[in-house]
Amino acid sequence: MELLPSLLSELKAVCATFPDPRQGRTGNIAMADFGLSAFAMFFMQSVSFLAFQRRLEQGYGRSNCQTLFGIEKIPSDNYIRTMLDCADPALLQPCFAHVEQLLTEPPVRQAFARLGGRIIVALDGTEYFRSEKLGCGNCLTCKHSNGKIDHYHTLLAATVVAPGHSKVIPLFPEFIVTQDGAEKQDCERNAVKRWYEKHGERLRPSRPVYLGDDIFACQPIAKMLNGDDFIFTAKESSHKALYDFMAGAEPERHEVKVRKRKSTETRRYRWFQDVPLRDGKDAMLVNWIGMEIADAKGKVKFSTAWVTSLPVSKYNVVDIADAGRSRWKIENESFNVMKNHGYELEHNFGHGEKLLAMILAALNLLAFAWHSVLDLIEPPWQAARQAVAKRTTFFADLLTLTTYVVFPSWQVFFEAIATSTIPP
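Remember, it's a predicted structure, so these values are computed and weren't measured experimentally. (Residues numbered from 1 in each chain as written. Predicted model: local features only at pLDDT ≥ 70, side-chain atom pairs only at ≥ 80, totals over all residues. Heavy atoms only, no water.)

Undergrad: Please provide a residue-by-residue account of the overall build of the protein chain, values included.
TA: Along the backbone of the protein chain there are 16 helices and 11 strands. C-alpha extents for the protein chain along the principal axes are approximately 80 × 55 × 45 Å. In the protein chain, of all internal contacts separated by at least 6 residues, the share reaching a separation of at least 24 is 63%. On the protein chain, roughly 19600 Å² of surface is accessible, and the fraction owed to carbon and sulfur atoms is 50%. Separation between the mean location of the 50 positive side-chain charges and that of the 48 negative ones in the protein chain comes to 5 Å. (Helix = DSSP H or I, 4+ residues; strand = E, 2+ residues; numbered from the N terminus. Contact = heavy atoms within 4.5 Å. Areas by Shrake-Rupley, 256 points an atom, 1.4 Å probe, with all protein chains shown as cover. Lys, Arg positive; Asp, Glu negative; His and termini not counted. Charge placed at Lys NZ, Arg CZ, Asp CG, Glu CD.)

Undergrad: Help me get a handle on the nonpolar core, residues and values and all.
TA: When a protein is soluble and globular, its nonpolar side chains tend to lie buried together. Among the nonpolar cores identified, the biggest contains 145 residues, and Phe-39, Phe-43, Phe-69, Leu-92, Val-307, Trp-370 and Trp-410 are the most heavily contacted of them. Considering each element in turn, this core owes the most residues, 18 residues, to helix 13 (residues 356-377). (Core = buried A, V, L, I, M, F, W, Y, C linked by side-chain atoms within 4.5 Å. Buried < 20%, exposed > 50% of the residue type's maximum accessible area, 1.4 Å probe, protein only.)

Undergrad: With reference to specific residues and values, describe the pairing of strand 8 (residues 252-260).
TA: For a regular strand, side chains alternate in direction, first toward one face of the sheet and then toward the other. By the bridge criterion, nine bridges tie strand 8 to strand 9 (residues 263-276) in an arrangement that is antiparallel. In the sheet register, Lys-260 faces strand 9, and the bridge partner there is Ser-263. Between strand 8 and strand 9, which pair antiparallel one after the other, the connecting turn spans two residues, and Arg-261 there sits at a positive phi close to 55°. (Pairing = 2+ DSSP bridges.)

Undergrad: Please provide a residue-by-residue account of the layout of surface pockets, values included.
TA: Space inside the largest pocket adds up to approximately 530 Å³. Trp-288, Gly-290, Met-291, Thr-304 and Ala-305 are the residues nearest the centre of the largest pocket, which is lined by 32 residues in total. Looking at the lining of the largest pocket, the elements that each hand over two or more residues are helix 10 (240-246), strand 8, strand 9, strand 10 (285-294), strand 11 (300-308) and helix 11 (317-325). Across the lining of the largest pocket, the residue classes tally to 14 nonpolar, seven polar and 11 charged. (1 Å grid on protein atoms, 1.4 Å probe; cavity = no way out; pocket = protein on both sides within 12 Å on 5 of 7 lines; lining within 4 Å. Points joined across faces, edges and corners; volume = space filled by probe spheres on them. Nonpolar A, V, L, I, M, F, W, Y, C, P; charged D, E, K, R; others polar.)

Undergrad: Quick rundown of the environment of Cys-65? Include the residues and the values.
TA: Along the chain, Cys-65 falls in helix 4 (residues 64-69). Remark: the alpha-carbon pair of Cys-65 and Phe-349, spanning 284 residues in sequence, is separated by 19 Å. When residues no more than four places from it in sequence are discounted, the contact partners of Cys-65 are Phe-49, Leu-50, Gln-53, Gly-70, Ile-71 and Ile-74.

Undergrad: Account for the state of the cysteines, with residues named and values stated.
TA: Tallying each qualifying case throughout the model produces zero disulfides. Distance from the sulfur of Cys-15, which forms no disulfide, to the nearest cysteine sulfur (Cys-95) is 6.8 Å. Left unpaired, Cys-142 is separated from the closest cysteine sulfur, that of Cys-139, by 12 Å. (Disulfide = S-S within 2.5 Å.)

Undergrad: Outline the packing of aromatic side chains, listing residues and values.
TA: Taken as a whole and judged by the stated rule, the model has 27 aromatic pairs. One aromatic cluster is present, built from ring pairs that chain together Phe-39, Phe-43, Phe-49, Phe-69, Trp-370, Trp-381, Phe-394, Phe-395, Phe-407, Trp-410, Phe-413 and Phe-414. Looking at Arg-327, its charged tip hangs above the ring of Trp-328, at a distance of 4.8 Å from the centre. (Phe/Tyr/Trp six-rings, centres within 6.5 Å; stacked < 30°, edge-to-face > 60°. Lys NZ or Arg CZ within 6 Å of the ring centre and 35° of its normal.)

Undergrad: Could you give an account of the environment of Glu-10, naming the residues involved and the relevant values?
TA: The residue Glu-10 is located in helix 1 (residues 3-15) in this model. Here the alpha-carbon distance between Glu-10 and Pro-94, two residues 84 residues apart in the chain, equals 8.3 Å. With residues near it in sequence (within four places) discarded, Glu-10 still touches Pro-94, Cys-95 and His-98.

Undergrad: Please set out the pairing of strand 9 residue by residue, giving values where relevant.
TA: Direction of pairing for strand 9 relative to strand 10: antiparallel, over a ladder of nine bridges. By the bridge assignment, Val-275 is partnered in strand 10 with Val-286.

Undergrad: Describe in detail helix 8 (residues 188-203), supporting the description with residues and values.
TA: Maximal helix bending in helix 8 amounts to about 45°, located at Glu-197. Ala-191, Val-192, Arg-194, Trp-195, Tyr-196, His-199, Gly-200 and Leu-203 are the residues of helix 8 that are buried. Its buried side turned inward, helix 8 meets helix 6 (93-102), strand 1 (120-131), strand 3 (149-161), strand 5 (174-176), strand 6 (209-212) and helix 9 (219-224). (Bend = angle between axes of the 7 residues up to and from the residue.)

Undergrad: How would you summarise the pattern of salt bridges if you had to cite specific residues and measurements?
TA: Applying the stated criterion across every chain, the model contains 24 salt bridges. The shortest N-O distance in the salt bridge between Arg-130 and Asp-150 comes to 3.0 Å. Of this pair, Arg-130 sits in strand 1 while Asp-150 sits in strand 3; the two residues are 20 residues apart in sequence, bridging distant segments of the chain. Here the salt bridges share partners, and the residues they tie into one network are Glu-174, Asp-186, Arg-194 and Lys-198. (Salt bridge = Lys/Arg side-chain N within 4 Å of Asp/Glu carboxyl O.)

Undergrad: Explain the packing of helix 6 against helix 13 to me, using residue names and the numbers behind them.
TA: Close contact between helix 6 and helix 13 brings their axes to 11 Å; oriented N to C, the two are set at 25°. In terms of their interaxial angle, helix 6 and helix 13 are classed as roughly parallel. The interaxial crossing formed by helix 6 with helix 13 has left-handed handedness. In contact with Cys-95, Phe-96, Val-99 and Leu-102 of helix 6, helix 13 contributes Ala-362, Leu-365, Leu-366, Ala-369, Trp-370, Val-373 and Ile-377. A breakdown of the residues in the contact of helix 6 with helix 13 according to their chemical character gives 11 nonpolar, no polar and no charged. (Axes fitted to C-alpha atoms, helices over the stretch in contact; angles between N-to-C directions. Parallel < 35°, antiparallel > 145°, perpendicular 65-115°, else oblique. Left-handed = near helix turned anticlockwise from the far one by under 90°.)

This is the structure:
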């Protein structure tokens, strides 16, 4: 058991750098313990985990917080919220950078490499907090017709996805917050520019192909990528010049029959090379792909279109379209899982007055990223996951066992799950 202890050791060192708001007096709880305690709750997928560990500590003099997570003293929930309110989520970047490095590991490359060994990064925004009563300086606002004002938080997520694979790996997000000196509220387009400026160069050796919805299919975003490739959804309603240019011309075509259970569907592909993304002499030239799926009776049940910087031919159009369609994985396998299957991203774990909502969301995303790479790389974790087939049961077992037994190490803990035995 090497990876998980290494990740936790690095996270502890990072949490130790969180600013201490106690104004000169250090207290008896280290800053690292506050960050690790919040993370442990997300990693174990239980808001009750810390309460159970405090009870174990009272009975046994130690807890799994200490033996598994390296937490010296467990702070109260309110104390955690107070102490993390000044912690900038950007401080967690080294932990996410370690996740990026793990993308080069053979099992991860095998799972996610597509389009000739490249990684596919889906970009999309999602809301994770909304309230009429709570707000902070980083909240965005929405005024309703009845005069009421909502305060809300959103983030731009960057997630490694792959067609045909159920796992996704979140990367460091960019939080969509009101920017100093800006007259307008922040938005996804501004956030993706900041995200790429911070992380694009570091990811370039992995030869990423970026996915995005229609709002990213514009010349400023395409130019920003500076030679990196993209596949962006392109709706006719928002790309009039592009579709006018193609009107009446004959595209190249390719058709594939696909067996689906007891029936056969037809996937039809059309594409144009070197079409203008917008109106004007300076318009960037892109390639356009249209796809539709027809059932056995010829009825079209799905259609979509993309613009891409990738060269298109009958030999790769299917693979490019499959990659483009995998953008939905950021909705289904990422946001849906984060909000409805254990991580409870939209739950108000604590809002604070400054940065609390954002640092907790970042820790939650980090836990999800670790779970994904552990599924692919760490043998003891894999053995335990295989022994407990359902994901929900696995995390229920994690919580149940750690509620009643103190384990000396992760190795012993996962062996207990894999063999259905409790060590003496």
